Amino acid sequence: MAVNKRAVAAAFGRAAQSYAHHDALQRLSADLLLTQLGEITPAQVLDAGCGPGAMSRYWRGLGSSVTALDLSATMLDEARRQQSADRYLLGDIEALPLADAQFPLVWSNLAVQWCDDLCQAINELCRVTQPGGLVAFTTLVEASLPELNQAWQAVDDRPHANRFLSLPAIEQALAGWSLRSGVESITLHFDDAARALRSLKGIGATHLHDGRQQGLTRGKLQRLQLAWPQQQGKYPLTYHLFWGVITRD
């Protein structure tokens, strides 16, 4: 099923102002990717899928000239409001409105999973990277959010979590590039099911592959709460995170 880019942009736009209150996964993912890069200070950075601009601000703080790109105009407005970058660009990672070989570093943290075609997205990110430059990215892998899926099975038989690519499919999309990569699991813990669900909504990551989530009744929420697998009294959400660093030939 093709991704509805307009729905993706709208969902993230709705989350723009609340994003920073629910971005623990994004921060942990970014920290993991930064450790893979080591200490670098690129002259120019493309932050592809910048969101409200936290990592654009990070790179700008190191002295880089930053171009912040996002599919959501509202997210870009929030990044601009926070003076996150030097340049703001509305655009789709799969069709970047940029010339070839511009950036020594292209950074994309938890954005390409919303693309239609991972191979096309990576090709575009590499296209705008200078020879010898780096493309650093993260994405989510199939079987993420198992607790959410298990809980919903007690309520109905409809899919309620986004579908992510399998590891073999991701590796196939990256074939041919000079790549270092790995997979890590990150588990966040919440006080109740409602807060866990709110964390997904707060970053705009609710059911984008199948359309916007329908309203959750109190009865359904209670059933979810009872069915959610707990860990020491907390309600976990587990993400399987793929990180990759491509060296552009």
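Every chain is numbered independently, its residues counted from 1 as its sequence is written. Residues qualify for local features only when their pLDDT is at least 70, as the model is predicted, and side-chain atom pairs are given and counted only at 80 or more; totals for whole chains, interfaces and linings, by contrast, use all residues. Excluding hydrogens and water, the side-chain values take into account all heavy atoms of the structure.

Caption draft 1: Layout of the confidence of the model for the protein. Taken as a whole, the protein shows an average pLDDT of 88; of its residues, 84% reach a score of 70 or greater. Confidence of the predictor in every single residue is expressed as pLDDT, which spans 0 to 100. Here, two residues are considered to be in contact whenever any of their heavy atoms come within 4.5 Å of each other. Confidence over residues 207-213 falls short of pLDDT 50; this stretch has 24 contacts with residues more than four positions distant or in other chains.

Caption draft 2: Local environment of the nonpolar core. One finds Leu37, Trp59, Trp107, Leu148, Trp228, Leu237 and Tyr239 to be the most contacted residues of the largest nonpolar core, which totals 44 residues. Beyond its immediate sequence surroundings of up to four residues, Leu237 is in contact with Leu145, Glu147, Leu148, Ile186, Thr187, Leu188, Phe190, Ala196, Ser199, Leu200 and Trp228. Counting 26 residues, the second largest nonpolar core, distinct from the first, contains Ala48, Leu118, Ile122 and Ile246. Among buried residues, the Ala, Val, Leu, Ile, Met, Phe, Trp, Tyr and Cys ones that are joined through side-chain atoms within 4.5 Å form a nonpolar core. Note on classification: 1.4 Å probe, protein chains only; a residue is buried when its accessible area is under 20% of the maximum for its type, exposed when over 50%, partly exposed between these limits.

Caption draft 3: Here's a closer look at the packing of helix α2 (residues 24-37) against helix α3 (residues 54-61). Taken N-terminus to C-terminus, the directions of α2 and α3 make an angle of 35°; their axes are 12 Å apart at the nearest point. Note that α2 runs across α3; the crossing there is right-handed. Packed against α2, whose contacting residues are Ala30, Leu34 and Leu37, the element α3 presents Met55, Tyr58 and Trp59 at the interface. Of the residues that constitute the contact of α2 with α3, the class distribution is six nonpolar, no polar and no charged. What counts as an axis is a line fitted to C-alpha atoms, over the stretch in contact for a helix, and the angles between N-to-C directions run from 0 to 180 degrees. A helix here means a DSSP run of H or I that spans at least four residues, while a strand means a run of E at least two residues long, and both kinds are numbered starting from the N terminus. Two helices cross in a left-handed way if the nearer one is turned anticlockwise from the farther one by less than a right angle. They cross in a right-handed way if the turn is clockwise. Ten residues, namely Ala, Val, Leu, Ile, Met, Phe, Trp, Tyr, Cys and Pro, are considered nonpolar, four, namely Asp, Glu, Lys and Arg, are considered charged, and the remaining ones, Gly among them, are considered polar.

Caption draft 4: Quick look at unusual backbone geometry. Positive phi is not limited to glycine here, since Ala101 has a value of about 50°. By the element assignment, Ala101 lies in the loop between β3 (87-90) and β4 (103-108). Not every positive phi belongs to a glycine, and Gln232 is a case in point at roughly 50°. Residue classification places Gln232 among the exposed residues on the basis of a relative accessible area of 85%.

Caption draft 5: Examining the side chain of Asp70 more closely. Mapped onto the fold, Asp70 is located in strand β2 (residues 65-70). Look at Asp70: it is buried, it has no salt bridge, and the nearest opposite charge is Arg80 at 11 Å. Contact partners of Asp70, with chain neighbours within four places excluded, come to Gly49, Cys50, Gly51, Met75, Leu76, Leu89, Leu90 and Gly91. Charge assignment in this entry is limited to Lys and Arg as positive and Asp and Glu as negative, and neither His nor the chain termini are counted. A pairing counts as a salt bridge when a side-chain nitrogen of Lys or Arg comes within 4 Å of a carboxyl oxygen of Asp or Glu.

Caption draft 6: Structural view of the sheet that holds β3. Two strands qualify as a pair provided DSSP detects at least 2 bridges between them. Read across the sheet, seven strands follow the order β3-β2-β1-β4-β5-β7-β6 without closing on themselves; strand pairing throughout is mixed. Looking along the sheet, the strands with just one partner apiece sit at the ends: β3 and β6 (178-190). For this sheet the average axis-to-axis angle between neighbouring strands, irrespective of direction, equals 15°. Judged from the five bridges that link them, β4 and strand β5 (residues 129-140) form a sheet pairing that is parallel. Opposite Phe103, over in β5, you have Thr129 as the bridge partner. Taken strand by strand, α2 contacts β4, β5, β6 and β7 (235-247), and its axis lies near 30° from that of β7.

Caption draft 7: Expanded view of the pairing of strand β1 (residues 44-48). Counting buried positions along β1 gives four out of five residues, so the element sits mostly inside the fold. The pairing of β1 with β2 spans five bridges and is parallel. Counted as the bridge partner of Leu46 is Thr67 from β2. Note on handedness: a crossover is taken as right-handed if, strands pointing away from the viewer, the path from the first strand over the helix to the second is clockwise. Where the polypeptide runs from β1 across α3 and back to β2, its parallel neighbour, the crossover connection is right-handed. Sheet topology note: the β1/β4 ladder contains three bridges and is parallel. In the strand pairing of β4, Val45 is matched with Leu105.

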